[in-house]
Amino acid sequence: MKTDLNKKYLPLTILCIIVLFALVILIDPVGPLEGKIDPIFGLYVSRIIKISAVYAICALSMNMVNGFTGLFSLGQPGFMAIGAYTCALLTLTPEAKQAVFYLEPIAPFLANIHAPFIVAMIVGGIFAAIGAFIIGFPVLRLKGDYLAIASLGFSEIIRVICVNAQSITNGANGINKIPTDITALLIFVVLAVVTIFMLVMMKTSYGRALLSIREDEVAAQAMGINLFKHKMIAFVISGFLAGIAGAMLASIVGAIDPKQFMFTLAYTLLLMVVLGGQGSISGSIVGAFIVTIAQEVLRFVDEPINIGPIHYPGISGMRMVVFSILLMCIILFWSRGIFGNKEFSWNRLFGKKAKSKLKKEGGEA
Amino acid sequence: MKNTLEIKDLYVRYGGIEALRGVSMSIPEGKIITLVGANGAGKSTTLRSISKLVKPYKGSITYNDEELLNLSPKEIVERGIIHVPEGRHVFPDMTVLENLKIGAYLRKDNIKPDIEYAHKLFPILKDRSNQLAGTLSGGEQQMLAVARGLMAKPKVLMMDEPSLGLAPLIIKDIFSIIERVNKEEGVTILLIEQNANAALKIADYGYVMETGTIELEGLGSDLRNNDHVKELYLGRAAE
């Protein structure tokens with residue numbers, strides 16, 4: 001959310017970043033503060049914020065493929081599952097593994113490996129990236145809806161493997177007792193790094209090449225852009241990011257099972273990207289926070305409410321109905337999402353026409 | 001005449017349909033060559049097979065004695081053969097400037113002078129630098145497509161119907177710029193046109209295509225006066 005490098009707003013931008021990180025530390029105290037102060041909004045809020053930030057990384061990863069490169073891919077849950085399971089298997093202590101795999105003992109080569117979370121997260125990302133690379137060869141030759149179906153199929157294959165590879169993934173029981181020592185600070189630092197990486201990349205000629213593929217494949221090819229290579233690189237980076245997000249999710253929740261990585265997750269992520277605006281980095285982040293937080297905030301409509309004489313009996317699942325209606329309204333009024341394909345900027349926020357500025361900058365805009 | 005781009009006995013199939021049946025052409029360096037013909041004659045297919053957007057199954061395409069038949073589209077661009085596709089394929093959600101920069105995608109050198117040159121040829125593109133290409137008018141989009149092609153520093157520029165759907169005055173502008181690029185920069189031009197009269201006027205040499213083969217060829221001025229061509233493509237007005 002720091003795309004606007006206008007000098008005028010620089011202090012404001014820096015202030016926002018400082019406040020944001022102060023909040024991050026306050027909701028989930030780390031280092032010397034740990035244990036000394038309580039999370040200011042309680043554990044429940046701090047957990048929702050953490051999950052939102054992880055979904056923001058997922059949404060960014062999906063935006064890279066769907067928003068920037070224009071490939072309609074729904075393979076994200078599969079990559080997240082690879083990252084989550086890799087991370088879980090690496091961070092569980094050997095003793096905990098014995099306890100978790102009680103139905104069928106864990107495969108011997110996995111029984112004694114152990115790594116700190118950071119390593120596990122990166123290894124998870126790399127495995128997901130490798131998965132993306134392999135699946136990319138057949139899948140990226142397809143276009144549009146066909147690509148969506150093929151990538152969704154891949155994601156389901158990964159899930160089914162997770163259900164059936166009992167000695168590696170503990171099957172449908174899932175894996176629990178995963179150390180939940182990930183801090184909000186770490187998640188937000190990763191989110192910031194990913195955001196900056198995306199912003200920088202989209203300014204390079206490589207980023208422009210991805211956009212041009214989205215806009216017009218024929219013209220992009222006529223300009224000498226190797227379509228397959230660029231699609232593949234975007235797909236692999238996206239896989240890597242989804243992998244590390246999956247790993248973080250495993251470490252926040254502490255337990256994973258194949259059901260978490262169903263195709264419905266792909267739709268939720270797609271929703272975040274479309275709501276924020278396809279092709280907008282800040283849009284994806286905002287979309288992820290809105291969707292995740294709204295799903296929690298709307299919990300009250302599931303419960304019985306008394307408004308004066310009117311008694312409303314709680315209907316569980318009602319919040320999803322309300323949520324869907326809200327989304328439909330948003331999409332009706334902002335058909336290109338909240339941000340369109342633009343980025344957050346103070347100028348737009350304060351309603352100023354930035355046109356004269358743009359003209360002065362001329363070359364770089 | 002030194003032949004730079006030589007096409008010999010080219011065959012292209014789309015499924016079971018033969019789009020090109022033994023097309024042979026030569027495009028000498030520094031000239032304007034035009035390819036005229038009716039819809040479906042195979043003009044675009046010829047261009048697309050040179051830039052490798054479609055793969056010919058038989059024949060040969062050589063450029064300075066190098067065989068191009070098995071190269072990728074990227075390698076063709078690297079050799080300076082640039083294709084401006086039909087129907088102004090600009091990148092609508094990118095700014096005019098970004099569109100120009102994409103044109104120079106494979107170049108590693110300084111592109112500033114070329115942006116300036118493009119702005120000199122098409123002053124309107126300079127005013128519209130930060131506007132999204134999709135918001136330009138049809139004529140401006142076509143100018144942008146040509147300018148983007150020039151950003152790749154072409155040795156051979158292949159243009160597929162640059163006059164499609166444009167007002168006569170704008171067509172005149174674009175044709176005069178094509179001539180200018182040819183004279184000033186020495187860029188070889190291969191031009192496809194339905195508007196045979198205008199194309200043959202600026203062309204040094206022309207080819208007339210019909211259903212996948214070359215029917216006629218000759219100097220631009222000769223073809224304009226050829227009775228067969230007149231009847232088929234120029235209409236009575238040209239007499």
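Analysis parameters
- Residues numbered from 1 in each chain as written.
- Chains lettered and ligands numbered in written order.
- Predicted model: local features only at pLDDT ≥ 70, side-chain atom pairs only at ≥ 80, totals over all residues.
- Heavy atoms only, no water.
- Helix = DSSP H or I, 4+ residues; strand = E, 2+ residues; numbered from the N terminus.
- Rg over C-alpha atoms; globule rule 2.2 N^0.38 Å.
- Buried < 20%, exposed > 50% of the residue type's maximum accessible area, 1.4 Å probe, protein only.
- Contact = heavy atoms within 4.5 Å.
- Areas by Shrake-Rupley, 256 points an atom, 1.4 Å probe, with all protein chains shown as cover.
- Lys, Arg positive; Asp, Glu negative; His and termini not counted.
- Charge placed at Lys NZ, Arg CZ, Asp CG, Glu CD.
- Core = buried A, V, L, I, M, F, W, Y, C linked by side-chain atoms within 4.5 Å.
- Phe/Tyr/Trp six-rings, centres within 6.5 Å; stacked < 30°, edge-to-face > 60°.
- Lys NZ or Arg CZ within 6 Å of the ring centre and 35° of its normal.
- Pairing = 2+ DSSP bridges.
- Right-handed = clockwise from strand over helix to strand, strands pointing away.
- Patch = residues over 30% accessible without salt bridge, like charges linked within 9 Å, V, L, I, M, F, W, Y side chains within 5 Å.
- Salt bridge = Lys/Arg side-chain N within 4 Å of Asp/Glu carboxyl O.
- Buried area = accessible area lost by both parts, 1.4 Å probe.
- Polar contact = N/O pair within 3.5 Å; in protein donor to acceptor, adjacent residues only side chain to side chain.
- Nonpolar A, V, L, I, M, F, W, Y, C, P; charged D, E, K, R; others polar.
- Axes fitted to C-alpha atoms, helices over the stretch in contact; angles between N-to-C directions.
- Parallel < 35°, antiparallel > 145°, perpendicular 65-115°, else oblique.

**A word on the overall build of chain B**
Looking only at helices and strands, chain B has 10 helices and 10 strands in total. Rg of the C-alpha trace for chain B: 17 Å, near the compact-globule value of 18 Å for 239 residues, within the 12% margin. With the principal axes as the frame, chain B shows a C-alpha extent of 45 × 45 × 35 Å. Across the 239 residues in chain B, those meeting the buried criterion constitute 55%. Long-range contacts, defined here as pairs at least 24 residues apart, represent 66% of the contacts in chain B between residues at least 6 apart. Carbon and sulfur atoms form 48% of the exposed surface of chain B, whose accessible area is close to 10,300 Å². The averaged location of the 32 negative side-chain charges in chain B is 4 Å from the averaged location of its 30 positive side-chain charges.

**Some remarks on the nonpolar core**
If you look at soluble globular proteins, the nonpolar side chains tend to sit buried side by side. Ranked by internal contacts, the top residues of the largest apolar core, which has 155 residues, are Y55, M80, I175, M248 and I256 of chain A. Looking at this core element by element, the count peaks at 14 residues for helix α12 (residues 227–253) of chain A. Residues within four places of I256 of chain A in sequence aside, it is in contact with A84, Y85, A88, G174, I175, I178, A250 and F261 of chain A. In this structure, V12, L47, L68 and M209 of chain B belong to the second largest nonpolar core, which totals 28 residues.

**Things to note about the packing of aromatic side chains**
Overall, the coordinates contain eight aromatic pairs over all chains when judged by the stated rule. When the ring of F133 of chain A is compared with that of F137 of chain A, the centres are 5.1 Å apart and the planes differ by 85°; the resulting orientation is edge-to-face. Note that F133 of chain A and F137 of chain A are positioned in helix α6 (residues 117–139) at a spacing of four residues, about one turn of the helix. Residue classification places F133 of chain A among the partly exposed positions, given a relative accessible area of 41%. Residue classification places F137 of chain A among the partly exposed residues on the basis of a relative accessible area of 37%. Geometrically, the ring pair formed by Y205 of chain B and Y207 of chain B is edge-to-face, given 5.4 Å between the ring centres and 65° between the ring planes. For Y207 of chain B, a relative accessible area of 3% gives the class buried. A cation over an aromatic ring shows up here: K58 of chain B above the ring of Y11 of chain B, its NZ or CZ 4.3 Å from the ring centre. The ring of F91 of chain B carries the charged tip of R148 of chain B above its face, separated from the ring centre by 4.7 Å.

**Some points on the pairing of strand β8 (residues 188–193) of chain B**
All names here are of chain B. Taken across its six residues, β8 has six buried, putting it largely inside the fold. Here β8 shows a buried face lined by T188, L190 and I192 and a second buried face lined by I189, L191 and E193. As defined by bridge partners, strand β3 (residues 32–37) adjoins β8 across five bridges and the pair is classed as parallel. Bridge pairing links L35 to I192 in β8. The pairing of strand β7 (residues 156–160) with β8 spans five bridges and is parallel. Directly across from M159, in β8, lies its bridge partner L191. Of the crossover connections in this fold, the one passing from β7 over helix α7 (residues 168–185) to the parallel β8 is right-handed.

**Considerations on a nonpolar patch on the surface**
A contiguous nonpolar patch, built from L15, V19, L23, L26, L33, I37, I40 and F41 of chain A and spanning about 650 Å² of accessible area, is present on the exposed surface. Position of L15 of chain A among the secondary structure elements: in helix α1 (residues 10–27).

**Describing the interface of chain A and chain B**
Taken together, the 26 residues of chain A in the interface contact 24 residues of chain B. Here chain A and chain B share an interface that buries about 2,200 Å² over both sides, 61% of which is from carbon and sulfur atoms. On the chain A side of the contact with chain B, R208, E215 and M223 of chain A bury the most area, a combined 30% of that side's loss. Taken together, the links from chain A to chain B amount to one salt bridge. The partner of R336 of chain A in a salt bridge is D93 of chain B, with the nearest N and O atoms 2.9 Å apart. Linking chain A with chain B are four residue pairs in polar contact (both at pLDDT 80 or more). At the level of elements, α10 (205–215) and α11 (217–222) of chain A are the ones that each hand at least two residues to the side of chain A that touches chain B. Broken down by element, the side of chain A that touches chain B gets its largest block of residues, eight residues, from α10 of chain A. Residues belonging to the side of chain A that touches chain B are distributed by class as follows: 11 nonpolar, nine polar and six charged.

**What about the environment of N341 of chain A?**
Tracing the chain through its elements places N341 of chain A in the loop between α15 (318–333) and α16 (346–349). On the accessibility criterion, N341 of chain A (18% relative accessible area) is buried. Spatially, the C-alpha atoms of N341 of chain A and G78 of chain A are 26 Å apart, while their sequence positions differ by 263 residues. Every residue in contact with N341 of chain A, bar those within four places of it in the chain, is listed here: R214, Q278, G279, S280 and R336 of chain A together with D93 of chain B.

**Structural notes on the side chain of T4 of chain B**
Residue and element names in this part refer to chain B. Structurally, T4 can be placed in strand β1 (residues 3–14). Owing to a relative accessible area of 3%, T4 belongs among the buried residues under this scheme. Looking at T4, its side chain comes within polar contact range of the main-chain oxygen of I27, at 2.9 Å.

**A few points about the packing of helix α9 (residues 184–203) of chain A against α10 of chain A**
When two helices pack together, you describe them by how their axes are tilted relative to each other and by the distance separating the axes. All names here are of chain A. Where α9 meets α10, the axes come as close as 4 Å, and the angle between the chain directions of the two elements is 80°. Classified by the angle between their axes, α9 and α10 sit roughly perpendicular to one another. Between α9 and α10, the residues in contact are M201, M202 and K203 and S205, Y206, G207, R208, L210 and L211, respectively.

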